[in-house]
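Reading the structure
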Amino acid sequence: MLHNPIHNQKISIEGSSIDIVIKREDEIHPFISGNKFRKLKYNVEAAKACSAKVLLTFGGAYSNHIAAVAAAGKTYGFKTIGVIRGEELADKDSMNSTLGFAKEQGMEFHFVSRTAYREKTSKNFIENLKGRFGKFYLIPEGGTNDLAVKGCEEILTDADKYFDYICCPVGTGGTISGLINASKSHQKILGFPALKGDFLQEDICKFATQNNWELVTDYHFGGYGKIKPELITFINRFKNDYNIPLDPIYTGKMLFGIFDLMARGFFPSDSKLLAIHTGGLQGIAGVNNILKRKNHPLIEV
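In this report, the structure presented in the accompanying data block is examined. (Residues numbered from 1 in each chain as written. Predicted model: local features only at pLDDT ≥ 70, side-chain atom pairs only at ≥ 80, totals over all residues. Heavy atoms only, no water.)

**Concerning the sheet that holds strand E9 (residues 213-215)**
Read across the open sheet, the six strands follow the order E1-E2-E10-E7-E8-E9; overall the sheet is mixed. Pairing within the sheet leaves two strands with one partner each, and these edge strands are strand E1 (8-11) and E9. Strand-to-strand, the axes of this sheet are offset by a mean angle of 25°, without reference to chain direction. Two elements, strand E8 (residues 188-193) and E9, share three bridges in a ladder whose sense is parallel. Residue pairing across strands places leucine 190 opposite glutamate 214, the latter belonging to E9. (Pairing = 2+ DSSP bridges. Helix = DSSP H or I, 4+ residues; strand = E, 2+ residues; numbered from the N terminus. Axes fitted to C-alpha atoms, helices over the stretch in contact; angles between N-to-C directions.)

**Considering the packing of aromatic side chains**
In total, this model carries 13 aromatic pairs according to the counting rule given. For the pair tyrosine 165 and phenylalanine 267, a centre-to-centre distance of 5.0 Å together with 80° between the ring planes defines the contact as edge-to-face. Linking tyrosine 165 in strand E7 (residues 165-170) with phenylalanine 267 in the loop between helix H10 (251-263) and strand E10 (272-276), this pair joins segments that are 102 residues apart in sequence. The residues tyrosine 165 and phenylalanine 267 share a single accessibility class, namely buried. When the ring of phenylalanine 238 is compared with that of phenylalanine 259, the centres are 5.9 Å apart and the planes differ by 75°; the resulting orientation is edge-to-face. Of this pair, phenylalanine 238 sits in helix H9 (residues 229-242) while phenylalanine 259 sits in helix H10, placing them 21 residues apart in sequence. By relative accessible area, phenylalanine 238 is classed as buried at 2%. Among the aromatic residues, those joined into a ring-pair cluster are Phe192, Tyr219, Phe221, Phe234, Phe238, Tyr242, Phe256 and Phe259. (Phe/Tyr/Trp six-rings, centres within 6.5 Å; stacked < 30°, edge-to-face > 60°. Buried < 20%, exposed > 50% of the residue type's maximum accessible area, 1.4 Å probe, protein only.)

**A word on the pattern of salt bridges**
Pairing is possible between side chains of opposite charge, provided their charged atoms come close. Applying the stated criterion to the full structure yields 15 salt bridges. A salt bridge links arginine 114 to glutamate 88, with the shortest nitrogen-to-oxygen separation between them at 2.6 Å. With a gap of 26 residues between them, arginine 114 in helix H4 (residues 114-117) and glutamate 88 in the loop between strand E4 (79-85) and helix H3 (97-104) connect regions that are remote in the sequence. Note on arginine 114: relative accessible area 42%, which makes it partly exposed. Judged by relative accessible area, which is 40%, glutamate 88 ranks as partly exposed. Between glutamate 127 and lysine 130 there is a salt bridge; the shortest N-O distance is 3.7 Å. (Salt bridge = Lys/Arg side-chain N within 4 Å of Asp/Glu carboxyl O.)

**Considering the pairing of strand E3 (residues 54-59)**
With six of six residues buried, E3 lies mostly within the body of the structure. Residues Val54, Leu56 and Phe58 of E3 are buried on one face, and the alternating residues Leu55, Thr57 and Gly59, pointing to the opposite face, are buried as well. Across six bridges, the pairing between E3 and E4 is parallel. Note that in E4 the partner of valine 54 across the bridge is lysine 79. With helix H2 (residues 64-76) bridging E3 and its parallel neighbour E4, the resulting β-α-β unit is right-handed. (Right-handed = clockwise from strand over helix to strand, strands pointing away.)

**Considering the pairing of E7**
Along any regular strand the residues' side chains alternate between the sheet's two faces. Burial of E7 is extensive: six of the six residues sit out of reach of the surface. With helix H7 (residues 174-182) bridging E7 and the parallel E8, this β-α-β connection has right-handed handedness. By the bridge criterion, three bridges tie E7 to E10 in an arrangement that is parallel. In the sheet register, isoleucine 166 faces E10, and the bridge partner there is leucine 274.

**Overview of the packing of H2 against H3**
At a minimum axis separation of 8 Å, H2 and H3 run at an interaxial angle of 15°. As summarised for this structure, H2 and H3 are arranged roughly parallel, according to the angle between their axes. For the pair H2 and H3, the sense of crossing is left-handed. Counted together, Ile66, Ala67, Ala70, Ala71 and Lys74 of H2 and Thr98, Leu99, Phe101, Ala102 and Glu104 of H3 form the full contact between these two elements. Of the residues contributing to the contact of H2 with H3, the split by class is seven nonpolar, one polar and two charged. (Parallel < 35°, antiparallel > 145°, perpendicular 65-115°, else oblique. Left-handed = near helix turned anticlockwise from the far one by under 90°. Contact = heavy atoms within 4.5 Å. Nonpolar A, V, L, I, M, F, W, Y, C, P; charged D, E, K, R; others polar.)

**Quick notes on the side chain of threonine 251**
Residue position: threonine 251 is located in helix H10. Only 3.3 Å separates the side chain of threonine 251 from the side chain of threonine 278, close enough to count as a polar contact. (Polar contact = N/O pair within 3.5 Å; in protein donor to acceptor, adjacent residues only side chain to side chain.)

**Side note on the state of the cysteines**
For the coordinates displayed, the defined rule picks out zero disulfides. Unpaired in terms of disulfides, cysteine 152 finds its nearest cysteine sulfur in cysteine 168, a separation of 8.8 Å. Cysteine 167 supplies the cysteine sulfur nearest to cysteine 168, a cysteine that is in no disulfide, at a spacing of 8.0 Å. The exposure class assigned to cysteine 168 is buried, which follows from its relative accessible area of 0%. (Disulfide = S-S within 2.5 Å.)

Here it is in structure tokens:
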């Protein structure tokens, strides 16, 4: 899988001795963006190695993962199937920017109820999918598995060893697990979950090989997909100040958290922070549609 060169972009904060650098993983590929590229890299290779013709995965209506798998399928010659949470979406996919994009990339959808979706990892659920679609290469929701973690370990390079803190958004735990495994012993990995709940600790421990990490759980803004006006204001100000777009589900929440922690004196003076921009910008259009219906300010693009 070929990708664009990644660069680290330093941002300056007046009056602060703390250095913040953004690793622009969002620029890695126009459609298979950020950590989704990393997670899919070795899964695509494994699918090719076993002569699979079909990639099947799971996600919600605005899933970055669904969009990325659809694009990867078109790019690398796979048929793709998306098992989508919410059967009420079955006749509305063309109205949703994420599903509309995935459909343009050739993805076939299988809409299931939210109750049924909770069983997506069960043996019976998977067997029923095999009966319906035949043979496929299965990629978990969010893309996290051993191969995804292996890909995410490549986010950090030897040039990043000088940072004291590595910060990243957390969804299913694959990205932070790769960062933990690739980090140096003197570095602290801070994860900013986009979801409420304590289950992520256990999920990360399945893959992480070091203990130099912590989840900062105060910046989920109510849970996955939940957005508040102060977050939109921060994202728009950040874009204006640094010319870096942020998505409101993951990276925007992380940067909001980092700035708030700095204001609270969490980081020692002269700390060097590396923040991972995990992409997800495709989701802005869908979020703006929701904000528009609520007469809230929109995310500037």
